[in-house]
Amino acid sequence: MKISKITKICTRVLLLIFIGSVTLACQDKEKKDETEMDKDLTESTAEQSEKTKSAVVDITTNAMEFKTKDELPSGWHTFRYKNKSNETHFVLFEKYPEGRGLEDAQADLTGPFQEGMNAIIAGDQEAANTAFSKLPEWFQEVEFTGGVGLTSAQTTSESTIYLEPGTYLMECYVKMPNGVFHSVQGMFKEIQVTQADSSKVEVTEDYTISIDAVNGITFNEKVTPGEKIFKVEFGEQKVHENFVKHDVNLVWVDQGADMAALNSWMNWANPKGLQTPAPQGFKFLGGMQEMNAGGTGYFKADLRPGTYALVSEVPDPQSKGLLKTFTVK
Ligand SMILES: [Cu+2]
């Protein structure tokens, strides 16, 4: 195989591994459901648990796994992610092509995937190309459909997304201190989404975040303390230098924390990027993983007075308008 072809394949494969930036038709499911989202999750805890009892799905990580249901009906779902481990994680939902699932991923993907990443870290692009050229064609059909943003150790976060019927894998590809992806260590779980549009998630946003390739993150709301719902609207998407499309992560910022360290950590292609330890002075509180242009997701956070950041998992987000801070008061 010619090098140029290998490079082309590798580029495409990387793209799919880390982003799932396949150009599938925009999902407009949210439009029909938005009108039904007439209740407010931010009311009292008792009322909330009563209203959302059936809609909230728990995902728990104790070490390096996703513990949750194996099957869900299609539709809107709120995922409450309990990160009880000592590392930062996220939960990205990946819709697999017909007939493919976890066994295929473990047999065909994780080996070349880690081998390629190790080579990138070592600066050997040719070896990386060779590794990624072993990945199968079907991987190009994997679609990324949102999920829970970066969530610090011993932290709970919550995100709401729409799932079409199909086979999904939940993945976290944060790296351990030795550069090994969490997905290789067990943070790769299959979940079946059945044909039943039963869920009516009752979410009404307090604030709206817009994100697109031209303007970056747009967020100009006056934010007050308390439990708040953020709606994320994805405009034009873009593949960044590390082959990743932009997502939105909510981060608490300690006074005096080094924003440059956060800015650098958000790029997985940096040898120490997206790798334990996470930068000091920040707490990741969830957010919305990447999805196609036109997609919408929600996340909830309990805010206190102070400084927060909204940041994408791309190289140098600050320079692209994809790192914005705001104050809660
Ligand atoms: Cu992880």
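As the structure is a computational prediction, the values presented were derived from the model and not from experiment.

Turning to the overall build of the chain, a few remarks are in order. Counting secondary structure elements, the chain contains seven helices and 15 strands. Scored against the burial criterion, the 329 residues of the chain give a buried share of 44%.

So, on to the packing of helix H5 (residues 110-121) against helix H6 (residues 125-132). For the pair H5 and H6, interaxial distance at closest approach is 8 Å and the crossing angle is 170°. In this view, H5 runs roughly antiparallel relative to H6, as classed from their interaxial angle. Contact residues: H5 offers Pro-112, Glu-115, Gly-116, Ala-119 and Ile-120, while H6 offers Ala-127, Ala-128, Ala-131 and Phe-132. The class makeup of the residues in the contact of H5 with H6 is seven nonpolar, one polar and one charged.

In low-pLDDT regions, the fine details of the predicted coordinates are not to be read closely. Mean pLDDT for the chain: 84, with 81% of residues reaching 70 or above. Throughout residues 1-54 the model reports pLDDT below 50, and contacts reaching past four residues in sequence, or to other chains, amount to 85 contacts.

What follows covers the nonpolar core. Across soluble globular proteins, nonpolar side chains have a tendency to be buried as a group. Judged by nonpolar contacts, the single largest core of 75 residues is most densely connected at Val-91, Tyr-168, Val-251, Ala-309 and Val-311. What Val-251 contacts, discounting residues up to four positions off in sequence, is Leu-262, Phe-282, Lys-283, Phe-284, Leu-285, Tyr-308, Ala-309 and Val-311.

Another aspect to go through is H6. Residues of H6 that are buried include every one of Ala-128, Asn-129, Ala-131 and Phe-132, and no others. Along the axis of H6, the buried positions cluster into a sector of 160°, meaning they face one direction only.

Conventions adopted
- Residues numbered from 1 in each chain as written.
- Predicted model: local features only at pLDDT ≥ 70, side-chain atom pairs only at ≥ 80, totals over all residues.
- Helix = DSSP H or I, 4+ residues; strand = E, 2+ residues; numbered from the N terminus.
- Buried ≥ 20, exposed ≤ 12 C-beta atoms within 10 Å, placed from the backbone.
- Axes fitted to C-alpha atoms, helices over the stretch in contact; angles between N-to-C directions.
- Parallel < 35°, antiparallel > 145°, perpendicular 65-115°, else oblique.
- Contact = placed C-beta atoms within 7 Å.
- Nonpolar A, V, L, I, M, F, W, Y, C, P; charged D, E, K, R; others polar.
- pLDDT = per-residue confidence, 0-100.
- Core = buried A, V, L, I, M, F, W, Y, C linked by C-beta atoms within 7 Å.
- Arc of directions from axis to C-beta.

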